[in-house]
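Remarks on the overall topology
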Amino acid sequence: MSVGIDEISFYTSGQYLDLKTLAQQQGIDPNKYYDGIGQEKMAMPSLDEDIVTLAANAALPIVERVGPDAIAALLFATETGIDQSKAAGVYVHRLLGLHSNSRVIELKQACYSATAAVQMACAMVARQPERPILVIASDVARYDLESPGEATQGCGAVAMLISANPRILEIAPEVGNHTEDVMDFWRPNYRSNALVDGKYSTKIYLKSLKRSWENYTELSGVTYDEIDYFCYHLPFGKMAQKAHSQLARVNRSGQTPEELERQIEPTLIYNRAIGNSYTASMYIGLCSLLENSTDDLTAKRIGFFSYGSGCVAEFFAGVVQPNYRSALHPQKHQKVLSERVELSHDEYLRLYHFANPTDGGEHPMPEETRGRFRLATISGHKREYIAR
Ligand code: HMG
């Protein structure tokens, strides 16, 4: 029996800061961002959006198709948790009307946790093939203003239905891992912005790629030239280009720069316009590949490198299924991106500086999102979400 991704849908906020605006403000050449890090825009959540609303909006098309009672469990991956105890997915469970007999759990290990959720969901479906699992990865990436990380912020959520006999991607059981206790990127409980040792983090990312690839190829017997396309974790587009060049070098592939580019370029299109969405970013990259590649990807093998700072990394692979295109949502995704509004630098700062109230009072949120779900109020320390 095959197990994997039956449907995939993403969502991001309705506004963005163009990185040329940030560069102008900083008095630097915008090409540092456009070419140097490979990013053009970064999505900013409105005041009534957070990981819950992004997640519910991402999953809505899937739940509308299969019906809320079809989902056996919701696995929610995030590193932008809104509560130390309650799983954010429980709010999503209600917003989407999932059955009370379905369970919810939140998973954390930086950007890697979405892959942990996907693998856990595959194992659950292998035990009970008639019970599909909804995996959602949702994050808001935030760094300090005027830090090197500032241009690599963003936000987004991706929802995937993991099922038996999937329509989009069969995921192979073999994985290669690398785990190491490092401080490349972290966010202590008392901070809303991540701390990062930027240059070090890129080195650890590349080291983890080499180690998890070696583990993967040894355990699976799959060789580099048997993989057609590569989806890398995407903190910024240039990271994937550096990663892919390294992997090709390690494997002495002898490919030209154009051949290397062809294997990753379609994965970068959506993220270039969204920015880092942490747990969601690699899977939004998969969506980007499936929806933007002009090639027929049927029977192509895709390699995935999932990286979560701290760090845990995983290399795995999947094979694209016949008629995968009929299960995709390209028009919906392009609409979400094309209808977004550009922010001025002042508007960006207004959103950036908003701090969640902590006084326990009644705080209605301004109605800003154009998504179906919104954070309506924070009242008595409780977050209240509604459908519009
Ligand atoms: P920086 O230090 O300001 O950038 O920030 P830089 O000075 O190294 O420049 C970047 C590139 O732009 C360089 O190219 C420059 O040459 C080029 P490279 O040497 O890298 O090939 N450049 C230009 N290109 C064209 N025209 C110009 C120009 N000027 C310069 N005019 C840094 C870079 C990555 C450190 C920063 O963005 C950062 O700290 N980001 C956050 C950390 C991060 O994303 N790390 C990635 C690996 S860790 C990870 O992926 C996990 C994560 O997602 C979290 C999680 O797991 O939860 C972050």
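For the structure itself, look to the data block above.
Calculation rules
Residues numbered from 1 in each chain as written. Predicted model: local features only at pLDDT ≥ 70, side-chain atom pairs only at ≥ 80, totals over all residues. Heavy atoms only, no water. Helix = DSSP H or I, 4+ residues; strand = E, 2+ residues; numbered from the N terminus. Contact = heavy atoms within 4.5 Å. Polar contact = N/O pair within 3.5 Å; in protein donor to acceptor, adjacent residues only side chain to side chain. Buried < 20%, exposed > 50% of the residue type's maximum accessible area, 1.4 Å probe, protein only. Axes fitted to C-alpha atoms, helices over the stretch in contact; angles between N-to-C directions. Parallel < 35°, antiparallel > 145°, perpendicular 65-115°, else oblique. Left-handed = near helix turned anticlockwise from the far one by under 90°. Nonpolar A, V, L, I, M, F, W, Y, C, P; charged D, E, K, R; others polar. Salt bridge = Lys/Arg side-chain N within 4 Å of Asp/Glu carboxyl O.

**Let's talk about the environment of P68**
When you line up the elements, P68 lands in the loop between α3 (51-66) and β4 (73-77). Measuring from C-alpha to C-alpha, the distance between P68 and L98 comes to 4.6 Å, with 30 residues separating the pair along the chain. Not counting residues up to four positions away in its chain, the partners in contact with P68 are V63, L96, G97, L98 and H99.

**A short note on the side chain of S46**
In this fold, S46 is placed in the loop between β3 (41-43) and α3. Side-chain polar atoms of S46 contact the side chain of D48, separated by 2.8 Å. Apart from residues lying up to four places away in sequence, S46 is in contact with Q15, L351, E368 and T369.

**Re the environment of E170**
Topologically, E170 is positioned in strand β8 (residues 169-171). Note on E170: relative accessible area 32%, which makes it partly exposed. Between the alpha carbons of E170 and E265 there is a distance of 22 Å; along the sequence they are 95 residues apart. Residue contacts for E170: discarding those within four places in its chain leaves S2, V3, G4, A317, G318, V319 and Q321.

**Considering the packing of α3 against helix α4 (residues 88-95)**
Contact pair α3 / α4: the axes reach a minimum separation of 9 Å and the direction vectors enclose 45 degrees. Judged by the inter-axis angle, α3 sits oblique to α4. In the packing of α3 onto α4, the handedness of the crossing is right-handed. Residue-level inspection shows I51, V52, A55 and A56 of α3 in contact with α4, the latter providing A88, Y91, V92 and L95. Taken together, the residues of the contact of α3 with α4 sort by class into 8 nonpolar, no polar and no charged.

**So, the pattern of salt bridges**
Taken as a whole and judged by the stated rule, the model has 16 salt bridges. Note that R167 and E7 form a salt bridge whose closest N and O atoms lie 3.4 Å from each other. Here the residue R167 occupies a position in the loop between β7 (154-164) and β8, and E7 occupies one in strand β1 (residues 3-11), the gap between them amounting to 160 residues. Among the residues examined, E7 registers a relative accessible area of 1% and is labelled buried. Ionic pairing is found between E339 and K335, a salt bridge with its closest N-O pair at 3.3 Å. Through salt bridges that share partners, D6, E7, R65 and R167 make up one connected network.

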